[in-house]
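Structural characterization, general
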Amino acid sequence: RGALGWTTGEPRVSGDLGTAPTKPAEDGGVNGGRGGHSGGSGNKLESSPEAPPSAGDMLLQEVARSGRVTSDWGKLLRALEVKLDEVLCSYAEKFGKLEDVDGVTHQERCGMLLEELKSFDGPPFTIQRLAEVLLNPHPQYTATHKLVNGLEKLLSVTSTLQSIEDSLA
């Protein structure tokens, strides 16, 4: 099962927002399965060179680059859900699952992240940073608990982009 409860191999979303196929590292995992930042691109997920980015990844890349949301929230939300699951699964495989804290399991904590994301009526005002982290988490986050803590902070906001824009108008 994926970090958010999807069984591996099951389609996670309908439409064209699925993830691009990835190729596992030849050495049994990126960086030999060890944590830490090597200073190079060795910490990035290895994608097969012929696989173009998915439509969802392209959507997230645009948000990360510009900070602007040009698609509807539903489409962007589906892309975020898929990428969140992909990144959490990758981290669990590379760095291990979260330890249970106060009876809250890794699965439950990851599920809480998804619920926080789905609770927004529109993109949270932290959407640009959220997209950046999901597209390339490895330079900043070298362990599963650090990534999850960072994502929790990005999703603990209450304002959306629309509410910020309305207050400035």
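Everything below is about the structure printed above this text.
Residues numbered from 1 in each chain as written. Predicted model: local features only at pLDDT ≥ 70, side-chain atom pairs only at ≥ 80, totals over all residues. Heavy atoms only, no water.

Per the stated rule, a full pass over the model turns up 6 salt bridges. Its salt-bridge partner being Arg 129, residue Glu 132 comes within 3.2 Å of it at the nearest N-O pair. Within this pair, Glu 132 and its partner Arg 129 are both found in helix α4 (residues 127-135), separated by 3 residues, close to a single helical turn. Residue classification places Glu 132 among the partly exposed residues on the basis of a relative accessible area of 30%. Salt bridges sharing common partners tie together Asp 57, Lys 83 and Glu 86. (Salt bridge = Lys/Arg side-chain N within 4 Å of Asp/Glu carboxyl O. Helix = DSSP H or I, 4+ residues; strand = E, 2+ residues; numbered from the N terminus. Buried < 20%, exposed > 50% of the residue type's maximum accessible area, 1.4 Å probe, protein only.)

So, on to the packing of helix α2 (residues 73-95) against α4. Working note: a packed helix pair is described by the angle between its axes plus the distance between those axes. Across the interface, α2 lies against α4 with an axial gap of 9 Å and an inter-helix angle of 40 degrees. The orientation of α2 relative to α4 falls into the category oblique. Once α2 is placed against α4, the crossing between them reads as left-handed. Across the interface between the two elements, Leu 76, Leu 80, Lys 83, Leu 84 and Val 87 from α2 touch Ile 127, Leu 130, Leu 134 and Leu 135 from α4. Taken together, the residues of the contact of α2 with α4 sort by class into 8 nonpolar, no polar and 1 charged. (Axes fitted to C-alpha atoms, helices over the stretch in contact; angles between N-to-C directions. Parallel < 35°, antiparallel > 145°, perpendicular 65-115°, else oblique. Left-handed = near helix turned anticlockwise from the far one by under 90°. Contact = heavy atoms within 4.5 Å. Nonpolar A, V, L, I, M, F, W, Y, C, P; charged D, E, K, R; others polar.)

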